[in-house]
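A structural walkthrough
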Amino acid sequence: MADEKPKEKPREMKAQVTVPYEMAMGRNWHRFFENLKEERIMGTKCGKCSRVFIPPRSFCPRCFEDNEEWVEIGQEGTIETWCYSNLMFYGQTLKPPFIAVQVHLDGTDVGLQHRIAGFDLSDFEKVRELVKSGGRVRVVWNKEKKGNIFDIDYFELIPE
Amino acid sequence: MTKEYGTIVNTVVLPYRWALGQTWTRFFDGLKEEKIYGTRCGTCGKVFVPAKTFCPDCYSDLDDWMDVSQEGTLKSWTLVRKSHFGQVRQPPYALGLIRLDGTDCEFIHFLGGVDWSDMQNAREKLKAGARVKAAWSKEKHADIHDISCFEPLKS
Amino acid sequence: MGRAVAVIGTGQTRHGRRNDVSYPDLVREAVRMALEDAGITPKDIEGVVSGTMPSMMEGISDTHLYFAEALCEVGKPVLKVESCGSTGQSIAHCGFYWVASGMADLVLVVGMEKMFEGDGQATMSTVADPWFLKPFSAGAPGVFTMQAMEWMHRFNIPEDKAHEAAAFISVTHHDSALDNPYAHIKIKIGMDEAKNAPIITYPVRLLDVCPTSDGACAVILASEEMAKKIGRKPAWIRGLGFRGEEFFYGESNKSIWPSATEAAKHAYEQAGIRDPLKELDVAEIYNPFTYQEMIFYECFGFCPRGKAPDYVLEGKFNRTGELPCDPSGGVLCTNPIGASGLIRLAEATLQVTGKAGARQIEGAELALSHAMGGIDQFNGVTIVGAKL
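Keep in mind the model is a prediction, meaning the values are calculated, not measured. (Residues numbered from 1 in each chain as written. Chains lettered and ligands numbered in written order. Predicted model: local features only at pLDDT ≥ 70, side-chain atom pairs only at ≥ 80, totals over all residues. Heavy atoms only, no water.)

1. Examining the overall build of chain A
So the rule is basically this: Segments assigned H or I by DSSP are reported as helices when at least four residues long, segments assigned E as strands when at least two residues long, and all are numbered from the N terminus. Each radius of gyration is computed over the set of C-alpha atoms, and the globule rule expresses the reference value as 2.2 Å times the number of residues to the power 0.38. Categorising residues by exposure relies on relative accessible area from a 1.4 Å probe, with only protein chains included: less than 20% of the type maximum marks a residue as buried, more than 50% marks it as exposed, and the intermediate range marks it as partly exposed. By definition, residues are in contact when any of their heavy atoms lie within 4.5 Å. Charged residues are defined narrowly, with Lys and Arg counted positive, Asp and Glu counted negative, and His plus the chain ends left uncounted. For the purpose of locating charges, the reference atoms are NZ of Lys, CZ of Arg, CG of Asp and CD of Glu.
For chain A, the count of helices and strands is 2 helices and 9 strands. Mapped from its N terminus to its C terminus, chain A presents α and β elements in the order β-α-β-β-β-β-β-β-α-β-β. The C-alpha radius of gyration of chain A comes to 22 Å, more than 25% above the 15 Å expected for a compact globule of 160 residues. Over its C-alpha atoms, taken along the principal directions, chain A stretches across nearly 75 × 45 × 30 Å. Counting only residues that meet the buried cut, chain A has 44% of its 160 residues in that class. Here the contacts in chain A between residues at least 6 apart in sequence split such that 55% fall between residues at least 24 apart. For chain A, the distance from the average site of its 24 positive side-chain charges to the average site of its 26 negative ones is 3 Å.

2. Observations concerning the nonpolar core
Going by this rule: Buried Ala, Val, Leu, Ile, Met, Phe, Trp, Tyr and Cys residues that are joined via side-chain atoms within 4.5 Å together make up what is termed a nonpolar core. Each domain span listed reflects an automatic or database assignment of domains.
With 115 residues, the main nonpolar core has A:Ile41, A:Trp82, C:Tyr297, C:Phe300 and C:Phe302 as its most contacted residues. When residues in this core are grouped by element, the largest group, 8 residues, is from helix H5 (residues 139–154) of chain C. There are two domains that each give this core at least three residues, and those are domain 1 (5–120 + 213–237) and domain 2 (129–211 + 245–335 + 358–385) of chain C. Residues in contact with C:Phe302, not counting those within four places in the same chain, are C:Tyr268, C:Pro276, C:Leu277, C:Leu280, C:Ala283, C:Ile285, C:Tyr297, C:Tyr311, C:Phe317, C:Leu323 and C:Cys325. Among the nonpolar cores identified, the runner-up in size contains 32 residues, and C:Ile8, C:Ile45, C:Phe67 and C:Ala222 belong to it.

3. Structural notes on the interface of chain A and chain C
For the record, the criterion: Defined here as a combined quantity, buried area equals the accessible surface (1.4 Å probe) lost by two parts on assembly, summed across both. Basic side-chain nitrogens of Lys or Arg form a salt bridge, by our definition, when they fall within 4 Å of a carboxyl oxygen of Asp or Glu.
Counting from both sides, the interface comprises 42 residues of chain A and, opposite them, 36 residues of chain C. Taken together, the two surfaces of chain A and chain C that pack against each other cover about 3500 Å², and 65% of this comes from carbon and sulfur. Its largest share of buried area at the contact with chain C, chain A owes to A:Leu87, A:Phe89 and A:Gln113, together 16% of the area lost on that side. Counting the contacts that link chain A with chain C gives 5 salt bridges. A salt bridge links C:Glu159 to A:Arg128; the nearest nitrogen and oxygen atoms lie 3.1 Å apart. Counting residues per element, the ones that place at least two in the side of chain A that touches chain C are strand E1 (12–24), helix H1 (26–37), strand E5 (76–85), strand E6 (98–105), strand E7 (112–116) and helix H2 (124–130) of chain A.

4. Regarding the interface of chain B and chain A
Stated formally: Each polar contact in these results corresponds to two N or O atoms within 3.5 Å; when the atoms are within protein, one needs to be able to donate a hydrogen and the other to accept it, and residues that are neighboring in sequence are counted only if both atoms are side-chain atoms. Polar here means any residue outside two lists: the nonpolar Ala, Val, Leu, Ile, Met, Phe, Trp, Tyr, Cys and Pro, and the charged Asp, Glu, Lys and Arg; Gly therefore counts as polar. We call two strands paired when DSSP finds no fewer than two bridges between them.
Residue-level contacts link 31 residues of chain B with 28 residues of chain A. When the two sides are added together, the surface that chain B and chain A hide from each other amounts to roughly 2800 Å², 59% of it contributed by carbon and sulfur. The three residues of chain B that bury the most area against chain A are B:Tyr5, B:Trp18 and B:Arg26, which together make up 19% of that side's buried surface. Linking chain B to chain A there are 2 salt bridges. On the surface where chain B and chain A come into contact, there are 13 residue pairs in polar contact (both at pLDDT 80 or more). Looking at the side of chain B that touches chain A, the elements with two or more residues in it are strand E1 (7–19), helix H1 (21–32) and strand E4 (64–67) of chain B. When residues in the side of chain B that touches chain A are grouped by element, the largest group, 13 residues, is from E1(B). Of the residues assigned to the side of chain B that touches chain A, the class counts are 17 nonpolar, 7 polar and 7 charged. Relative to E1(B), E1(A) runs antiparallel, the two being bridged by 13 bridges.

5. Digging into the packing of helix H3 (residues 87–100) of chain C against helix H13 (residues 337–352) of chain C
Helix-helix packing: each pair is described by the crossing angle between the helix axes and the interaxial distance. Residues and elements named next belong to chain C. Convention followed: For helices, the fitted line uses only the C-alpha atoms of the stretch in contact; every axis is such a line through C-alpha atoms, and the angle between N-to-C directions lies from 0 to 180 degrees. Should an angle fall under 35 degrees it is taken as roughly parallel, and over 145 as roughly antiparallel, whereas 65 to 115 is taken as roughly perpendicular and any remaining angle as oblique.
The N-to-C vectors of H3 and H13 enclose an angle of 60 degrees; their axes lie 5 Å apart at closest approach. Judged by the angle between their axes, H3 and H13 are oblique. Touching Thr87, Gly88, Gln89, Ile91 and Ala92 of H3 are Gly338, Gly341, Leu342 and Leu345, all from H13.

6. Some thoughts on the packing of aromatic side chains
Our working rule: Between 30 and 60 degrees the pair is tilted, below 30 it is stacked and above 60 it is edge-to-face, where a pair is any two Phe, Tyr or Trp rings, Trp via its six-membered ring, whose centres lie within 6.5 Å.
If you walk through the whole model with that rule in mind, you get 32 aromatic pairs over all chains. The interplanar angle of 40 degrees and the centroid separation of 5.1 Å between the aromatic rings of A:Phe124 and C:Tyr202 together place this pair among those described as tilted. In this pair, A:Phe124 is assigned in helix H2 and C:Tyr202 in strand E5 (residues 199–202), connecting two distinct chains. Relative accessible area serves as the criterion here: at 3%, C:Tyr202 is assigned to the buried category. Ring geometry for B:Tyr37 versus B:Trp65: centroids 5.9 Å apart, planes at 90 degrees, classification edge-to-face. On the criterion of sequence distance, the pair formed by B:Tyr37 in strand E2 (residues 37–40) and B:Trp65 in strand E4 is long-range, its members being 28 residues apart. For the pair B:Tyr37 and B:Trp65, a shared accessibility class is recorded, and that class is buried.

7. Some thoughts on the sheet that holds strand E3 (residues 52–53) of chain A
Residues and elements named next belong to chain A. Pairing in this open sheet of 3 strands is antiparallel, and the strands run E3-E2-E4 from one edge to the other. The two strands at the open ends of the sheet, each matched to only one other strand, are E3 and strand E4 (69–73). Bridge analysis of strand E2 (residues 41–45) against E4 gives 5 bridges, and the strand direction is antiparallel. Counterpart to glycine 43 in the pairing with E4 is valine 71. Running at roughly 150 degrees to E2, H1 makes contact with E2 and E4 of the sheet.

8. Comments concerning the packing of H5(C) against helix H11 (residues 290–299) of chain C
Residue and element names in this part refer to chain C. For clarity, the cut-off: Take the far helix as your reference; a near helix turned counterclockwise from it by less than a right angle gives a left-handed crossing, and one turned clockwise gives a right-handed crossing.
Contact pair H5 / H11: the axes reach a minimum separation of 9 Å and the direction vectors enclose 55 degrees. Judged on the interaxial angle alone, H11 and H5 are oblique. Crossing hand, H5 versus H11: left-handed. Across from Phe144, Gln147, Ala148, Trp151 and Met152 in H5, the residues of H11 making contact are Tyr291, Gln292, Met294, Ile295 and Glu298.

9. A short note on the side chain of C:Ser137
Position of C:Ser137 relative to the elements: it lies in the loop between helix H4 (120–124) and H5. Engagement of the side chain of C:Ser137 in a polar contact is seen with the backbone nitrogen of C:Gly139, the distance being 3.1 Å. What C:Ser137 contacts, discounting residues up to four positions off in sequence, is A:Phe89, A:Phe98 and C:Ser125.

10. Thoughts on the state of the cysteines
Residue and element names in this part refer to chain C. Basically, it comes down to this: We call a pair of cysteine sulfur atoms a disulfide whenever their separation is within 2.5 Å.
In the structure shown here, the tally under the stated rule is 0 disulfides over all chains. Here cysteine 217 stays unpaired: no disulfide links it, and the sulfur of cysteine 72, its closest cysteine neighbor, is 15 Å away. With no disulfide of its own, cysteine 299 lies closest to cysteine 303 among cysteine sulfurs, the gap being 9.5 Å.

11. A few points about the pattern of salt bridges
Residue and element names in this part refer to chain C. Under the counting rule described, the total for this entry stands at 47 salt bridges over all chains. In this structure, the salt-bridge partner of arginine 18 is aspartate 20, at a minimum N-O distance of 2.9 Å. For lysine 254, the salt bridge identified is with glutamate 245, shortest N-O distance 2.6 Å. The class of lysine 254 is buried, set by a relative accessible area of 2%. Residue class for glutamate 245 comes out buried when judged on its relative accessible area of 10%.

What is shown is where atoms sit, not what they do.
In structure tokens form, the structure reads like this:
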């Protein structure tokens, strides 16, 4: 009996794994998000190399020193790079199409990840006419504040 | 006084489709028909349940399939009372380490047929070395739960 | 560098959609092949290193426990190393340190992935922190596209030229994969198809990106003494390098990619290579995206910064060019992530030992293998040669 070949081809077992987390923000990010609620963007500065970070790192990744100094950051910046996303995947936060952007906010020394919005994104040919690396952008605040990165709703293009 | 900082709640939900391969497909097909299959190593003679594709000691393919006894011996057990997120069954429930007759390894499954409100009696029935037998679920899905649990053999 | 270390056996599965086998059985397929190639048995192995993407990829944590039998680990010392895409190189390096240190003579290194069992992009997004990076995740395509855009902008590369070069690379590699019995994607495409494929994340298109694949790769590392005793043709590890950058994307300049540049430089120094374009015979580069592949050419010193598209269009990196890159088809055609970085080493080994079959580059004696991991965060390089 046990010599019979299997009647069907090998199967798959479908499953879903759900794992809940609650992560501590710590002092720095807590302060950063509290400030966002008040429409202020705060970064930290390394006492040794003077680089200004946003999000505000608690220590400088290169000098490995604590970043004690907080500085207020401007709300305009330059597009360092961007991409137009057409890609759907399970559990993604932003639904396509959306524009992911790396913004160099004035006064900082690193790029911040966010999104560009405020106009029709459905035709990427039109989008690529408008969005260019090196272009200027400005923060648009979310009317509803929750103390997370989307208190900045998006970055809008500043026309030349 | 400790200052409290914010937290972020982040639940990760991910879908999967695990390939069973030939061996486990065939093993689970057997369970659906209330048969427990093992595989036997041609080199060392060991019999494994659940069925394995290859012998862990000899590394050789296991092509010899056998219909294995549904009775066996309980090596160890525990009663679970604590809840945690994502448990398959609600506590209290018991897990047993079982070796089926004629096989050379143990596996874990649920234990049943015992009144957990009477722990003294439960311990008597489920001493290490107690004889147990597979009890089958009415509804079969070709997975390990087609065996509902192992119950002490009526002596 | 410690003692000399050789690669004396490699094994790969048929990569692709492998729902015909369970994950442990897939792993054993590669391990068995490597053992046969090296002419040894599981009992001869003295230590095992394995690695994969974060275990959420397949939903079973710490797979080096799950694969104990398949990896011949029972009763042996075991290490697991993960660095996302560069895992394959990380585990190779770990195996190298083990043998080079004198603590073992024969080490098994295995990388594996079963991407069809989970949701690749969703899992990869768990690498990003939930506060600042994950919200804007457009998956791996998003990251690599932003990098490509930054590179084109910084070096004033006209988009049309980059687009043309990317398509050229896609056609070349898909062609090469047809000669690779293990490759996943085997399709014949032309420039038109590559240039007009659907957009994923502008300007990256469907044929510019890798597939998700199931697969495993095993490699056996041996000391000089053991390699000579066993008598199989070895590929000697001549140099290695591994570098990491900061976690937050936006902190380093990914268009000049310090970690890729430095990792290669370190490996070249050890191997005594001064002019990689002339001295290397083959390069198996980690290339899930065609645009990104061009950035690697520049970081590895195969061409000046900003000039990769020109070199590509001149055919310098074809199978008949000055430095054939990814004659296996590369990651672009086969990507079981945990294995991919190690497959590059296995392919480089096959090249320098003359065992690469239809994809053999004639006379190859010195080859570079490489892998990249994280959000453009890590880069690892291993150089192998026919001579010690």
